[in-house]
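Residue strings, one per chain:
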Amino acid sequence: MLSLLPTELAIILALHIAPSATENNRYIKFSVSATALRVVYTVYFGERPGLEIRHRMDQDRNGQISEGEQQAFVRDLCAEVGGQLRLVVDGRAATQSFAPADVGLGVPIVRAGSFSVDLVLEVPFANALTREHTLFWQDNWRIPNPGETQLWFRLTPGARFVETRLGEGVRSTTAAFSYRGESRNRELWAHVSVDAASLDAPSSTSPAPRRARLPTWLTLLIVLAFLGAPLAWRLARRRRDR
């Protein structure tokens, strides 16, 4: 289970993640660990736009949206969104591409409405032992029927913001930003400091240490002793009764 800090829980509660009737929303989460930056770019198509896109996805016009049709759509979306983004991490332009993580159609049929698509981008830090990391994000993708855009950060325990700024806004240590419609503030800067203890912490993907196991013969001996104890007790009792 994912544990959240109080500040992260407050951010999630403040976010209004829901479909619109006529607009498309996007939610962008930046997760900063000691070794990498992970970006989850969620596009939430509204009821009416979602219905139109479902019709476009249904290439064979059978009223159903197959897995292949979903994948074709999300591949095109990855290329379209990724081609309009610029991400610079620690002074280096990221060359990684978005990968589809989830297509939340609910029911894979044409006669439905809103749905969401998650795109994921993983950027390892060039030097994972560096405590200071910077991020520059520029999103020039013009989402059709733009609604709300929300951006927020999730930091690994031991990390903190040195500075964040959206567009021409003031410098701060804000962990979440939002705007409606098409905004000129499509540029995000962030400076994060990671505590040294986090750099030495074992990776969450490292295999868990193997628990010590008893030898097979000893396990068998214990089982036989456990099963034979009642029988031995009965035999001893019979001998006493004679």
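Refer to the structure above for everything that follows.
Every residue gets a number counted from 1 within its own chain, in the order that chain's sequence is written. Per-residue local features are limited, in this predicted model, to residues with pLDDT of at least 70; the limit for side-chain atom pairs, both in listing and counting, is 80 or more; totals at the level of whole chains, interfaces and linings are taken over all residues. Where side-chain values are given, they derive from all heavy atoms of the structure, hydrogens and water being excluded.

**Focus on helix α3 (residues 67-82)**
Phase 1: Numbering of helices and strands runs from the N terminus, with a helix taken as a DSSP run of H or I at least four residues long and a strand as a DSSP run of E at least two residues long. How far a helix is expected to stretch is found by multiplying one less than its residue total by 1.5 Å. When the terminal C-alpha atoms of α3 are compared, their 22 Å separation across 16 residues agrees well with the 22 Å that a helix rising 1.5 Å per residue should span.
Phase 2: Throughout this description, buried means an accessible area under 20% of the type-specific maximum (1.4 Å probe, protein chains only), exposed means over 50%, and partly exposed covers the range between. Listed as buried for α3 are Glu69, Gln70, Phe73, Val74, Leu77, Cys78 and Val81.
Phase 3: Close packing links the buried residues of α3 with β2 (36-45), α2 (47-57), β3 (85-89), β5 (99-104) and β6 (115-124). Whether two residues touch is decided by their heavy atoms; if any such pair falls within 4.5 Å, the residues are in contact.

**Digging into the packing of aromatic side chains**
The geometry of an aromatic ring pair is captured by the separation of the ring centres together with the interplanar angle, meaning the angle of the planes.
Phase 1: Aromatic rings from Phe, Tyr and Trp, with only the six-membered ring used for Trp, were paired whenever their centres fell within 6.5 Å, and each pair was classed as stacked if the ring planes differed by under 30 degrees, edge-to-face if by over 60, and tilted otherwise. Within the structure shown, the criterion is met by 10 aromatic pairs.
Phase 2: With 6.2 Å between their ring centres and 40° between their planes, tyrosine 41 and tryptophan 137 make a pair best called tilted. Of this pair, tyrosine 41 sits in strand β2 while tryptophan 137 is found in strand β7 (residues 132-139), placing the two residues 96 residues apart along the sequence. Neither residue differs from the other here; tyrosine 41 and tryptophan 137 are each classed as buried.
Phase 3: Here a set of aromatic residues connected by ring pairs shows up, and it is made of Phe30, Tyr41, Phe98, Trp137, Trp141, Phe153 and Phe161.
Phase 4: Over the face of the ring belonging to tryptophan 189 we find arginine 165, whose NZ or CZ atom lies 4.1 Å from the ring centre. By definition here, charges over rings are those cases where NZ of Lys or CZ of Arg is within 6 Å of the ring centre and within 35 degrees of the ring normal.

**Some words on the sheet that holds β2**
Phase 1: Paired strands, as defined in this entry, are two strands with at least two bridges between them according to DSSP. Pairing in this open sheet of six strands is mixed, and the strands run β5-β6-β2-β1-β8-β10 from one edge to the other. Looking at which strands have only one partner, the edges of the open sheet turn out to be β5 and β10 (176-180). When the angles between neighbouring strand axes are averaged without regard to direction, this sheet yields 15°.
Phase 2: Here five bridges tie strand β8 (residues 146-155) to β10, and the two strands are oriented antiparallel to one another. Counterpart to tryptophan 152 in the pairing with β10 is alanine 176.
Phase 3: Under this scheme, a helix contributes an axis fitted over its contacting stretch, all axes are lines through C-alpha atoms, and angles between N-to-C directions fall in the 0 to 180 degree range. Those strands touched by α2 are β1 (24-32), β2 and β6, and its axis lies near 80° from that of β6.
Phase 4: On top of the sheet, α3 reaches β2, β5 and β6; it is set at about 55° to β6, its chief contact.

**Description of the side chain of serine 193**
Phase 1: By secondary structure assignment, the location of serine 193 is in strand β11 (residues 187-194).
Phase 2: Within the structure, serine 193 has its side chain in polar contact with the side chain of glutamate 132 (distance 3.1 Å). A 3.5 Å cut-off defines polar contacts: any pair of N or O atoms within that distance qualifies, except that in protein one atom must be a possible hydrogen donor and the other a possible acceptor, and neighbouring residues in sequence count only when both atoms are side-chain atoms.

**Some words on the environment of valine 107**
Phase 1: With respect to the secondary-structure elements, valine 107 resides in the loop between β5 and β6.
Phase 2: Residue class for valine 107 comes out partly exposed when judged on its relative accessible area of 44%.
Phase 3: Between the C-alpha atom of valine 107 and that of isoleucine 65, which follows or precedes it by 42 residues, the distance is 8.8 Å.
Phase 4: The contact partners of valine 107, leaving out residues within four places of it in the chain, are Arg54 and Ala112.

**Section: the sheet that holds strand β9 (residues 159-166)**
Phase 1: Strand order in the open sheet formed by five strands is β4-β3-β7-β11-β9, with antiparallel pairing between adjacent strands. Either end of the sheet is taken by a strand with one partner, and the two such strands are β4 (92-93) and β9.
Phase 2: As paired elements, β3 and β7 share five bridges and run antiparallel to each other. Residue pairing in the sheet places leucine 87 in a bridge with tryptophan 137 of β7.

**Here we look at the environment of leucine 77**
Phase 1: Secondary-structure assignment places leucine 77 in helix α3.
Phase 2: Its relative accessible area of 4% is what places leucine 77 among the buried residues.
Phase 3: Not counting residues within four places of it along the chain, the set of residues in contact with leucine 77 comprises Phe45, Gly82, Val117, Leu119 and Trp141.

Any link to function would need more than the numbers given here.
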